[in-house]
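# A look at the structure
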Amino acid sequence: MGNLLVFGLGLTEILVIVLIILLLFGGRKIPELMRGIGKGIKGFRDEIQEGEKHTDKHTKDE
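The name given to the chain in an unreviewed UniProt entry is Sec-independent protein translocase protein TatA, and the organism recorded there is Candidatus Phocaeicola excrementipullorum. Checking UniProt for the chain, the heading Subunit (unreviewed entry) contains the comment "Forms a complex with TatC." Per UniProt, the comment on the chain under Subcellular location (unreviewed entry) is "Cell membrane".

## A word on the overall build of the chain
For the chain, the count of helices and strands is two helices and zero strands. When each of the 62 residues of the chain is scored for burial, the buried share is 3%. Taken as a whole, the chain presents about 5900 Å² of accessible surface, with 64% of it coming from carbon and sulfur.

## A closer look at helix α1 (residues 11-25)
Under the 1.5 Å per step criterion, the end-to-end length of α1 is 21 Å for 15 residues, consistent within 8% with the ideal 21 Å. At the exit of α1 stands Gly 26, carrying a positive phi of roughly 80°.

## Structural notes on the pattern of salt bridges
For side chains of opposite charge, pairing can occur when their charged atoms come near one another. Scanning the entire structure with this criterion turns up one salt bridge. Across the salt bridge formed by Asp 46 and Lys 42, the nearest N and O atoms sit 3.2 Å from each other. Note that Asp 46 and Lys 42 are positioned in helix α2 (residues 30-61) at a spacing of four residues, about one turn of the helix. Overall, Asp 46 belongs to the partly exposed group, its relative accessible area being 36%.

Analysis parameters
- Residues numbered from 1 in each chain as written.
- Predicted model: local features only at pLDDT ≥ 70, side-chain atom pairs only at ≥ 80, totals over all residues.
- Heavy atoms only, no water.
- UniProt positions renumbered as here; feature names shortened; annotations may be inferred.
- Helix = DSSP H or I, 4+ residues; strand = E, 2+ residues; numbered from the N terminus.
- Buried < 20%, exposed > 50% of the residue type's maximum accessible area, 1.4 Å probe, protein only.
- Areas by Shrake-Rupley, 256 points an atom, 1.4 Å probe, with all protein chains shown as cover.
- Expected span 1.5 Å × (residues − 1).
- Salt bridge = Lys/Arg side-chain N within 4 Å of Asp/Glu carboxyl O.

Rendered as structure tokens:
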């Protein structure tokens, strides 16, 4: 069972991390926390795409 690797972490390590998060934030706060992380990732992706568009525009002008 410990062979599952995600980001170099085995199943046991992932379960320990999830347990610690549950203890720190409580079950009710986790959806709010995940929503905030999701919005942050979406904003980051949007900025990267905007930067790529800006870079593409300048390279076509040359």
